[in-house]
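Per-entry structural report
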Amino acid sequence: FVLENVLGYVITIQFILISATFIMLLLTCCARSHLVELGKLPSQLSSFKVQQTRCLCCDCGHVNPISHQAIPCDRELVYSALEGWFED
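The text that follows walks through the structure, step by step, so that each part is easy to find.

Each value, and the rule that gives it
- Along each chain, residues carry numbers from 1 onward, in the same order as the chain's sequence is written.
- Where totals are concerned, whole chains, interfaces and linings use all residues; where local detail is concerned, this predicted model gives features only for residues with pLDDT of at least 70, and gives and counts side-chain atom pairs only at 80 or more.
- Think of the side-chain values as coming from all heavy atoms in the structure, minus any hydrogens and water.
- The helix count covers DSSP runs of H or I at least four residues long, the strand count covers runs of E at least two residues long, and both are numbered beginning at the N terminus.
- Each radius of gyration reported is based on C-alpha atoms, and the globular scaling rule is 2.2 Å times the count of residues to the power 0.38.
- Three exposure classes are used, based on accessible area relative to the maximum for each residue type with a 1.4 Å probe and protein chains only: buried under 20%, partly exposed in between, and exposed over 50%.
- Here the open area of atoms and residues is found with the Shrake-Rupley method and a 1.4 Å probe, where only the protein chains shown may cover a residue.
- We define a salt bridge as a contact between a side-chain nitrogen of Lys or Arg and a carboxyl oxygen of Asp or Glu at a distance within 4 Å.
- As used in this structure description, the phrase polar contact means that two N or O atoms lie within 3.5 Å; if the pair is within protein, one of them must be able to donate a hydrogen and the other to accept it, and residues adjacent in sequence are counted only when both atoms belong to side chains.
- Contact between two residues is taken to exist if any of their heavy atoms lie within 4.5 Å; hydrogens are not considered.

Let's shift gears to the overall build of the protein chain. The secondary structure content of the protein chain amounts to three helices and zero strands. A globule of 88 residues ought to have a C-alpha radius of gyration of about 12 Å, yet the protein chain, at 27 Å, is considerably larger. Referenced to the eigenvectors of the C-alpha coordinate spread, the extents of the protein chain come out at roughly 75 × 35 × 20 Å. Counting only residues that meet the buried cut, the protein chain has 6% of its 88 residues in that class. About 8100 Å² of surface is accessible on the protein chain, with carbon and sulfur atoms providing 68% of the total.

This is the structure in structure tokens:
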């Protein structure tokens with residue numbers, strides 16, 4: 001009876017250790033991937049120009065492709081928000 005309990009605990013501990021190892025490996029992989037992407041951010045921000053972005057509204061000629069109704073320009077809303085945030 002005691003031996004069975006000890007074996008049960010050993011198997012449980014092995015399962016926990018294997019699970020913890022797998023989780024740590026997964027977290028390490030995700031963290032590494034995130035840090036690689038974070039390292040690209042300065043160069044992406046330095047070359048970003050809001051004037052070069054694309055908007056669905058402009059690509060569709062300001063008409064909803066499904067309902068064929070007129071839609072407002074997202075670019076104008078973005079420019080307006082940016083002006084409000086960065087006005088001197």
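Let us keep going from here.
A word on the pattern of salt bridges. Across all of its chains, the model carries two salt bridges by this definition. Here Lys-40 and Glu-37 are joined by a salt bridge, their closest N and O atoms 3.2 Å apart. Separated by three residues within a single helix, Lys-40 and Glu-37 lie in helix α1 (residues 2-47), roughly one turn from each other. Here Lys-40 falls in the partly exposed class, since its relative accessible area comes to 38%. For Asp-59, the salt bridge goes to Arg-54, with nearest N and O atoms at 2.7 Å.

Here Arg-75 shows up in helix α3 (residues 74-86). Polar contacts involving the side chain of Arg-75 include one to the main-chain carbonyl oxygen of Thr-53, which spans 2.6 Å. Once residues lying within four places of it in the same chain are set aside, the contact partners of Arg-75 are Val-50, Gln-51, Thr-53, Arg-54, Cys-55, Cys-57 and Cys-58.

One non-glycine residue, His-62, lies in positive phi territory at about 60°. Considering the arrangement of structural elements, one finds His-62 in the loop between α2 (56-59) and α3. Phi angles above zero are rare outside glycine, and His-68 is one such case at about 60°. If you trace the backbone, His-68 turns up in the loop between α2 and α3. On the basis of relative accessibility, which here comes to 61%, the residue His-68 falls in the exposed class.

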